[in-house]
Amino acid sequence: MEQAGLRDLESVIAIARRGTFRAAAIDLGTSSTALSHTIAKLEAGLGVRLFNRTTRSVSLTDAGKLFVEQVAPSLQNIYVALEVVRAQRETPSGTIRINAAPFAARAIISALVLEFLRRYPDMNIDLVTDGKMVDIVRDGFDLGIRVAGLVPSDMIAVSLGWPQRHAVVGSPEYFEQHGRPFVPLDLLNHRCIRVRLPDGSLYQWRFEKDGEPVQIDVRGPITLDEASLVRTAVLEGTGVGYTMEQEILPDIEAGRLIRVLEDWTPPYPGLCLYYPGRRHLSAGMKAFLEMARDISKRRAV
């Protein structure tokens, strides 16, 4: 058979990881049709099917599972070898793939990502936002960005110096009609915008004052899972919202929203950039990490 190329191997791993040809094609920057042809040609050369395909699902055959088990570690070693070689370049180039929570991406897009691209025009950034935690190694990312408490223990973390803080807000009209809460327990008498986490559970609103933590399982007429939707519901007077401070500061400053319980929402450790502990980093990765550390130092001053 004709020797399989690196792109063919990457295609198999991407489909196995993502579960569909369409999602894998997006990751690989190709079309589903082209990807299907690549796999069909590889299977024909091997003389076995790697995937069971129906109109609704894609799954590995036994041969496909064996193929992935054998190829994936070797492919990772090839990536590491390529990084070692690229690290010898004086001018950073190539692509850095980053997975971040949506609010984290908004926080770092201008000061870090866009400024990095201005400094290093030969670099590319592939920034993917995801509300749920992902395994950045398994899913092919170079870096992740999450709040400090969510960084996996086996990763190297770099503080970005962005302290986080929640805010409890409501519209002037809502508070005029229902009054304001003065302590967290008062929220049990209010219509609150409930928040559903990526794992499907309902988020309990967290507060702290003078070292005393409090969690409130609020009640309300609507449950949402995206910050912009929470903001819209609060602006419309649906109820009280609990969201990241940076999401609604302009609304507070403009008087469209009123903040309450501010003394119960102290800052907590901020965002961290994290990556697997590899011995060799590309020149682009080194430059990105150095810039992140510089920003963190400036914010600490």
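Our subject is the structure listed above.
Every value quoted in this text rests on a predicted model; they were computed, and no experiment measured them.

## What about helix α7 (residues 227–235)?
- Burial in α7 covers these residues: V230, A233 and V234. Across the axial projection of α7, the buried residues extend over an arc of 100°, all falling on one side.
- Packed against the buried residues of α7 are β7 (166–170), β8 (193–195), β11 (222–224) and β12 (241–244).

## Structural notes on the packing of helix α1 (residues 6–18) against helix α3 (residues 32–46)
- Running from N to C, α1 and α3 cross one another at 110°; their axes reach a closest spacing of 10 Å. One element, α1, and the other, α3, form an angle in the roughly perpendicular class. Judged by the twist between their axes, the crossing of α1 over α3 is left-handed. Between α1 and α3, the contacting residues are D8, S11, V12 and I15 on the first element and L35, T38, I39 and L42 on the second.

## Re the pattern of salt bridges
- Per the counting criterion, the structure on display carries 17 salt bridges.
- We note a salt bridge from D126 to R97, for which the minimum N-O separation is 3.1 Å. Here R97 lies in strand β3 (residues 94–100) and D126 lies in strand β4 (residues 123–129), a separation of 29 residues in the sequence.
- Take R97: its relative accessible area is 15%, and that puts it in the buried class.
- What emerges from the salt-bridge pattern is a single network uniting R165, E245, R259 and E262.

Conventions we followed
- Residues numbered from 1 in each chain as written.
- Predicted model: local features only at pLDDT ≥ 70, side-chain atom pairs only at ≥ 80, totals over all residues.
- Heavy atoms only, no water.
- Buried < 20%, exposed > 50% of the residue type's maximum accessible area, 1.4 Å probe, protein only.
- Helix = DSSP H or I, 4+ residues; strand = E, 2+ residues; numbered from the N terminus.
- Arc of directions from axis to C-beta.
- Contact = heavy atoms within 4.5 Å.
- Axes fitted to C-alpha atoms, helices over the stretch in contact; angles between N-to-C directions.
- Parallel < 35°, antiparallel > 145°, perpendicular 65-115°, else oblique.
- Left-handed = near helix turned anticlockwise from the far one by under 90°.
- Salt bridge = Lys/Arg side-chain N within 4 Å of Asp/Glu carboxyl O.

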